[in-house]
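Fold and geometry: a report
Listed below are the residues making up each chain.
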Amino acid sequence: MNSISPLLRGASPRNPLRLVPSRVISRAFISTAPSSIAGFLDFKPHDPVSDVKIDGFIRSVRAQKRYAFVSLGDGSSLESLQAVVPADQAEGLNIGAAVRLHGSWIPSQGRGQSHELQVERAIVLGPSDAKTFPIQKKYQTPEYLRTLPHLRSRIPFNSSVLRFRSEIMTSLAKFFSNRQFIQTHTPILTSSDCEGAGEVFHVSAGDPSPSPSTSKTPKPKPFFRRPVYTTVSAQLHLEALAQALGNVWTLSPTFRAEQSDTPRHLSEFYMLEAEISFIDNLDSVMDLVEDMLRHICTDFAGSRIKQELMVRTGERASDLATAEQVDQRWNGFLRQDWPRITYTEAIDILKRSETPFAHTPIWGKDLQTEHEKYIAMKVGDGHSPVFVTNYPRDIKAFYMRANAEDCNNSSPGTTAECFDLLVPDFCEIAGGSMREHRLDSLLESMRANGVAPSSSDDATESSQSAENNLDWYVDLRRWGCPPHGGFGLGFDRLICYLTGIQTIHDTAAFPRWYGRCDC
């Protein structure tokens, strides 16, 4: 039976239903009382407030003869809430336990917290064995915590990082909505290799375990009609959607089967990607990236989450960049007019440098990490991000538009209208380009890169199409493809950069990288 139907019985136009005042008061109280530990830490009344209920997880317990002092967290705050529990209510209050505490919120007599919870009744909702609980109050190394991906988010700073991810997503949605961009969902499974580098995970169905093959064993039927991979980028599908919706964006998981075990690489990570329709030059794309990153840092200025990310205490401080370095990074994003130099200018700067690089800078070769760090420090003065544009076409993807101005400048070879965004300490975090929207030019570029579509007149070129279906992408150029461009930003790298975390493995809740997928 509907829970409100008894209240409605007997109600009529002449005898309307009358609300019970006490229920109205109760609902009003519920709507205004803090609902999280972060809310209670900000709730500082002069007089005690009774009938308070707080849910959370025990971070630490200090037991004395008459009372137990419990530090409580719920993921909403880096700081813990202190609860004073009578000894007769403290049974089962172990580190890691999920509890509900009833009592009064009163001004604290101790140091470190303006108020505390004077507990009258404690209920253990989820018990925990303190002797076996792996997450302890004492310092534990990031390497050890990576072996516990299902538990390490309970570390207060780690939960702050995850909240920061969530709040940045909200900020990004607001940014793009205000600019009339449409958020879209692109597929994770694809028959196209966007980058053409072959660093993809192949998707198959059925039992992966090998079985002895015999002449009588039928060959399993493929689940899909053609080879399918996990996506390395949403870009190609975003270009299709942009022709229907205009300016579009997405924040979605991407995958790279790159055998790199470095602090800057994940096998599964999130990419923020956007496509802008009807634009004529690369400056529009770079302007969007610059405005977006500046918006994020402006949006969080003075926020609780930014203040938490700057906290450095105990041994854990050595695992992070200093608060001064991180603050400098935020201020760098807030600067106006980020420097923009061409790849050719960057090579000249590197060649004039007296720094002994392990890799000699050569025009036509990709910039190495040491080169990118030097450019970010030299051109950006160690503060501002730096755009490097117009890379050689031969080292960039097939879909990038050739630079029409090459004949008017001093470039030794053909370049593409593209950019990488370099930041101090961390190198590249974003890249973008104008897309080749002209059919004949795109086909020429695809042939040069060995990814000609199956519809190509040259049968020898179409042999690769079975492994990389790009026919549909070429079709986009046949029917109403305007000039357009876009970018992709490594979301996990951005989190790493703005929090001071030293390795990208610690920015994701459940990281996957070469050799590691622990849960």
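All of the points below concern the structure found in this document. Bear in mind the structure is a predicted one, so any value in this text is a computation, not a measurement.

**Some points on the overall build of the protein chain**
- Each helix and strand counted, the protein chain has 14 helices and 15 strands in total.
- Pairs at least 24 residues apart make up 70% of the contacts formed inside the protein chain by residues separated by at least 6 positions.
- As presented, the protein chain carries roughly 27100 Å² of accessible surface, and 51% of it is formed by carbon and sulfur atoms.

**Here's the deal with the pairing of strand β12 (residues 386–389)**
- Burial of the side chains of β12 extends over both faces: V386 and V388 are buried on one face and F387 and T389 on the other.
- In this structure, strand β11 (residues 340–342) lies alongside β12, joined through three bridges in parallel fashion. Directly across from R340, in β12, lies its bridge partner F387.
- Strand direction decides the pairing type here: β12 and strand β13 (residues 418–423), joined by four bridges, are antiparallel. Within β13, the residue paired with T389 across the bridge is F419.

**Examining a nonpolar patch on the surface**
- A contiguous nonpolar surface patch, about 390 Å² in accessible area, is contributed by I188, L189, F223 and F224.
- Mapped onto the fold, F224 is located in the loop between β7 (189–190) and β8 (229–230).

**Section: the sheet that holds strand β1 (residues 49–63)**
- Pairing in this closed barrel of five strands is mixed, and the strands run β1-β2-β3-β5-β4 around the ring. Each strand of the sheet is rotated relative to its neighbour by a mean of 55°, with strand direction disregarded.
- Inspection of the sheet shows β1 paired to strand β4 (residues 98–107) by seven bridges, in the antiparallel sense. By the bridge assignment for β4, F57 is matched with A98.

**So, the environment of F387**
- Relative to the elements of secondary structure, F387 occurs in strand β12.
- Residues in contact with F387, not counting those within four places in the same chain, are M286, V289, E290, W338, P339, R340, I341, F419, D420 and L421.

**Considering the environment of L309**
- Take L309: it is sitting in helix α8 (residues 304–309).
- Among residues more than four places away in sequence, those in contact with L309 are F157, V161, F164, L498 and T499.

**A word on the packing of helix α5 (residues 156–178) against helix α14 (residues 491–499)**
- Running from N to C, α5 and α14 point in directions that differ by 120°, and their axes come no closer than 11 Å. If you check the angle between α5 and α14, you find them oblique. When you trace α5 past α14, the crossing you get is right-handed. Counted together, F157, V161, F164, R165, I168, M169 and L172 of α5 and F491, D492, I495, L498 and T499 of α14 form the full contact between these two elements.
- Tallied by class, the residues present in the contact of α5 with α14 amount to nine nonpolar, one polar and two charged.

**Examining the pattern of salt bridges**
- All chains considered together, the criterion is met by 23 salt bridges.
- The salt bridge partner of D492 is R165, with a shortest N-O separation of 2.7 Å. Placement of D492 in helix α14 and of R165 in helix α5 is noted, with a sequence separation of 327 residues between them.
- D420 serves as the salt-bridge partner of K396, at 3.6 Å between the closest nitrogen and oxygen. Of the two residues, K396 sits in the loop between β12 and β13 while D420 sits in strand β13, which places them 24 residues apart along the sequence. When sorted by exposure, K396 lands in the same class as D420, which is buried.
- Via salt bridges that share partners, D283, D287, E290, D291, R294 and R340 belong to a single interconnected network.

**Thoughts on helix α11 (residues 369–379)**
- Along α11, the positions that sit buried rather than exposed are H371, E372, Y374, I375, A376 and V379.
- Of the surrounding secondary structure, the elements contacted by the buried residues of α11 are β11, α10 (343–352), β12, β13 and β14 (427–435).
- D381, located one to two residues past α11, shows a positive phi value of around 55°.

**With respect to the pairing of β4**
- Burial analysis of β4 places eight of its 10 residues in the buried class, the great majority of the element.
- Where β4 and strand β5 (residues 115–126) come together, 10 bridges link them in antiparallel fashion. The partner of P107 across the bridge, within β5, is H115.

**Regarding the nonpolar core**
- By size, the foremost hydrophobic cluster in this structure holds 57 residues, and its most contacted members are F176, L293, F333 and F487.
- Ranked by the residues each element gives to this core, the list is headed by helix α7 (residues 283–299), at eight residues.
- Ignoring sequence-local partners within four residues, the contact set of L293 consists of F333, W338, L421, I429, L489 and L494.
- Listed in part, the 31 residues of the second largest apolar core include L236, L350, Y374 and A397.

**Side note on the sheet that holds strand β15 (residues 484–490)**
- What the eight strands build is an open sheet, ordered β6-β9-β10-β15-β14-β13-β12-β11; its pairing is mixed. Each end of this open sheet is capped by a strand with a single partner; those strands are β6 (182–183) and β11.
- In this sheet, β14 lies alongside β13 in antiparallel orientation, the contact comprising six bridges. Paired with D420 across the strands is G431, a residue of β14.

**Structural notes on the environment of L41**
- Looking at the secondary structure, you find L41 in helix α3 (residues 37–42).
- Owing to a relative accessible area of 9%, L41 belongs among the buried residues under this scheme.
- As a C-alpha pair, L41 and Q113 span 72 residues in sequence and 8.2 Å in three-dimensional space.
- Setting aside anything within four residues of it in sequence, one finds L41 in contact with S77, E79, S80, L81, W105 and Q113.

**Concerning α5**
- Spanning 23 residues, α5 covers 33 Å between terminal C-alpha atoms, matching the ideal 33 Å at 1.5 Å per step.
- Looking one or two places after α5, you find Q180, whose phi comes out positive at around 60°.

**Notes on unusual backbone geometry**
- Phi at Q180 takes a positive value of approximately 60°, unusual for a residue other than glycine.
- Among the structural elements, Q180 can be located in the loop between α5 and β6.
- Backbone geometry at F278 places phi at a positive 60°, although glycine is not the residue there.
- Checked against the element boundaries, F278 lands in the loop between β10 (268–277) and α7.
- Under the relative-accessibility criterion, F278 is labelled exposed at 67%.

The rules behind the values
- Residues numbered from 1 in each chain as written.
- Predicted model: local features only at pLDDT ≥ 70, side-chain atom pairs only at ≥ 80, totals over all residues.
- Heavy atoms only, no water.
- Helix = DSSP H or I, 4+ residues; strand = E, 2+ residues; numbered from the N terminus.
- Contact = heavy atoms within 4.5 Å.
- Areas by Shrake-Rupley, 256 points an atom, 1.4 Å probe, with all protein chains shown as cover.
- Buried < 20%, exposed > 50% of the residue type's maximum accessible area, 1.4 Å probe, protein only.
- Pairing = 2+ DSSP bridges.
- Patch = residues over 30% accessible without salt bridge, like charges linked within 9 Å, V, L, I, M, F, W, Y side chains within 5 Å.
- Salt bridge = Lys/Arg side-chain N within 4 Å of Asp/Glu carboxyl O.
- Axes fitted to C-alpha atoms, helices over the stretch in contact; angles between N-to-C directions.
- Parallel < 35°, antiparallel > 145°, perpendicular 65-115°, else oblique.
- Left-handed = near helix turned anticlockwise from the far one by under 90°.
- Nonpolar A, V, L, I, M, F, W, Y, C, P; charged D, E, K, R; others polar.
- Core = buried A, V, L, I, M, F, W, Y, C linked by side-chain atoms within 4.5 Å.
- Expected span 1.5 Å × (residues − 1).

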